[in-house]
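# Close look at the chain arrangement
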Amino acid sequence: MYKYIVKRVLLMIPTLIGAAVLVFFILRLIPGDVCELRLAGSGLYADPAEIELCRTNLGLNDPIPVQFADFVWGFFILDLGDSMWTGKPITFEIGLRFQLSLQVAFMATFVAVLISIPLGTISAIKQDTWIDYVVRVFSIAGIAIPSFWLGIMIILGLLIATQKFLGTPWMPPIEYVSPLEDPLGNMAQLIWPSVATGYRYSAVATRMTRSALLEVLREDYIRTARAKGLLEKVIINRHALKNSLLPVVTVIGIEFAFLMGGLVVTEQVFNLNGLGKLFVESVLNNDYTMTQALVMIVVAVFVFTNFVVDLFYAWLDPRIRYG
Amino acid sequence: MPPLLEIDNLYTQFFTSAGTVRAVDGISYVVEEGETVAIVGESGCGKSVSALSILRLIPDPPGRIVEGSIRFMGRELLQLSDEEIRHVRGREIAMVFQEPMTSLNPVLTIGRQLTETLTHHLDMDDDAARARALELLDLVGISDPDRRLGQYPHHLSGGMRQRVMIAMALCCEPKLIIADEPTTALDVTIQAQILELMKELTRNMGVALIIITHNLGVVARYADRVNVMYAGKIIERGTALDIYHSPAHPYTLALLRSVPRMDQPRKEKLDPVEGQPPDLTTLDEGCPFRPRCRYVVDRCAEENPLLEPVSEGHLSACWEKDRLRGPLKEAS
């Protein structure tokens, strides 16, 4: 097992290098660069000499291999450098946003698991009854409704409800506070985006739980468990659920990794300063260093999440043993 | 004293989009205490469904027991509440299934699967259940039981898994074990071991056994009484001796002829049962075996024969049963 873990960690390196090569070259295929945008972006005339100076300062005039080596080396020594757009250290720019995105991703996952596993289970047990239909409509709605729209509805709903019942309208705070400083204030802000994204996320996982469980319930060993006279509760919880969770864990893992960089619109709706927004801005600004750093972080999250999912598999199913 | 198990006029049907499948179509039989009864028939004749019906394990929908009675130790199983039937399952009547590969839960340890029945039915604590599980594994001939308890089904061979299934069935010292093709999925050499084990254990513990099989060799060796099923009905019943030496139904006869035998010359061709088993959704008035029967007479199309005695304890559902028992024997 330890050998496997070491192997998997080592295998992350080529994956990361591959991603680094791709992002580095694709970024440079985009016409224009950060200096043009910064100095002449608003359509003003800019002195070509000034642009040239800017390029030299940022290292954009260095030969491509040198730039690439710089980028990779910076990653190895964990020095991500400065943003080409703002000039501030990237670790500073990413730090808080990463914390926020990570927290939202975790909370959305939590919401999704909390909704999907019980609902999927009940829907499978009560297959083709009205309960099943209600759950299925609920989960299809989750897939169909964009989470940013749901986010808008949540904010509107909160405003209207608080206006009506408390007299003064209230909406989630806009300023981010660390959960360590002010857990309540932090929750008041982040619970809503987590619910909005967690609901869509749960929809896929609910359907996955339902279909996996339905399949497992037809297995011979479930009949064996019934023939033993066990309680239905025990049959579902002990005999069926563990067997049906493999595909659900896969979905949850992929979604989690996606949430780390893909929550662009939802972040806008709730006015969150997360990685998604930073991502879009950095691409629009041709901020090479920032985009590269963000892509690498998201890739690392994906790779790591996959690794955790694989470890989960082994825990759920003893037939899976990695060597 | 009433028999241990008495099945009377049992009908189990499956309501599918293709029509109503009459899987068990009015069967009756009796199992006495400590006795081994075989139910024989080809695939799809309703023998497994009849067994699952006893413990009410028919998946509903689409299946349902529509009529009949199953009395076990004086109690009507079909009248019990879900709660009550659960106390019968595993505790008084246990089952051994066909596929040991898929009938054990792959993600739970052997120990867990053995002890859960004990803690559930007998209120044992974990230590007592573990001790009993060790004892049971030893009883069914599994070496190193202490280590096995912590293993998963995929660590065990097919034969071993079937031994575990038997140990599970014996857990609560039931009165009756229903074995649904217990050896079909196993190697021939292992089959004999498993059957010997089941015979020995049931005899020693005074447990009655219903053994469902399509293997006539199994029947000859282990069963006290045999019920031959065809198209959801019992078409012949008798002792193993009756069935083997003087079959009184063309289907039984055909089955016996289709089995290769060591005491016949190799050159001799096997004589398979021609045709297909009937579609259980479209049964008519007549005898369901008649399209495949070599002794068919006009009456077969009009009326399905009832199970009637040919001699003491030997019954057959065939209009021509008396003709069969005569000269045909020599032909076989």
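Given the structure is predicted, the values throughout are model-derived calculations rather than measurements. (Residues numbered from 1 in each chain as written. Chains lettered and ligands numbered in written order. Predicted model: local features only at pLDDT ≥ 70, side-chain atom pairs only at ≥ 80, totals over all residues. Heavy atoms only, no water.)

### Comments concerning the domain arrangement of chain B
Residue and element names in this part refer to chain B. By domain assignment, chain B separates into domain 1 (1-92 + 174-332) and domain 2 (105-171). Each of domain 1 and domain 2 has a C-alpha centre, and these two points are 30 Å apart. Contact with domain 2 buries surface across domain 1, with Arg91, Leu197 and Leu201 losing the most and accounting together for 32% of the total. Linking domain 1 to domain 2 there are 0 salt bridges. (Domains from an automatic or database assignment. Buried area = accessible area lost by both parts, 1.4 Å probe. Salt bridge = Lys/Arg side-chain N within 4 Å of Asp/Glu carboxyl O.)

### A word on the sheet that holds strand β12 (residues 314-316) of chain B
Residue and element names in this part refer to chain B. Overall, mixed pairing links the 8 strands, which are arranged β6-β7-β8-β3-β9-β10-β12-β11 in an open sheet. The open sheet has two free edges, formed respectively by β6 (93-96) and β11 (308-311), since each of these has just one partner strand. Pairs of neighbouring strands in the sheet enclose a mean axial angle of 25°, with direction left out of account. In the packing of helix α7 (residues 158-170) onto the sheet, contacts are made with β6 and β7 (176-180), and the angle to β6 comes to roughly 175°. (Pairing = 2+ DSSP bridges. Helix = DSSP H or I, 4+ residues; strand = E, 2+ residues; numbered from the N terminus. Axes fitted to C-alpha atoms, helices over the stretch in contact; angles between N-to-C directions. Contact = heavy atoms within 4.5 Å.)

### Digging into the pairing of strand β9 (residues 225-230) of chain B
Residues and elements named next belong to chain B. Counting buried positions over the 6 residues of β9 gives 5, a clear majority of the element. Sheet analysis places strand β3 (residues 36-40) next to β9, joined by 4 bridges and oriented parallel. Residue pairing for β9: Ile39 is matched across the bridge by Asn227. Pairing geometry for β9 and strand β10 (residues 233-239), over 6 bridges, is antiparallel. Counted as the bridge partner of Met229 is Ile234 from β10. Taken together, β9 and the strand that follows it, β10, pair antiparallel across an intervening segment of 2 residues, in which Ala231 is found at a positive phi of about 50°. (Buried < 20%, exposed > 50% of the residue type's maximum accessible area, 1.4 Å probe, protein only.)

### Looking at the interface of chain A and chain B
Contact residues are listed per partner, giving 19 residues for chain A and 27 residues for chain B. Each partner contributes to the roughly 2100 Å² buried at the junction of chain A and chain B, and carbon and sulfur atoms together form 59% of this total. Between the two partners, chain A and chain B, sit 2 salt bridges. Residues B:Glu116 and A:Lys228 are paired through a salt bridge, measuring 2.7 Å at the closest nitrogen-oxygen approach. At the junction of chain A and chain B, the tally comes to 12 residue pairs in polar contact (both at pLDDT 80 or more). Those elements that provide at least two residues to the side of chain A that touches chain B are α9 (220-227) and α10 (232-262) of chain A. No other element matches the 6 residues that α9(A) contributes to the side of chain A that touches chain B. (Polar contact = N/O pair within 3.5 Å; in protein donor to acceptor, adjacent residues only side chain to side chain.)

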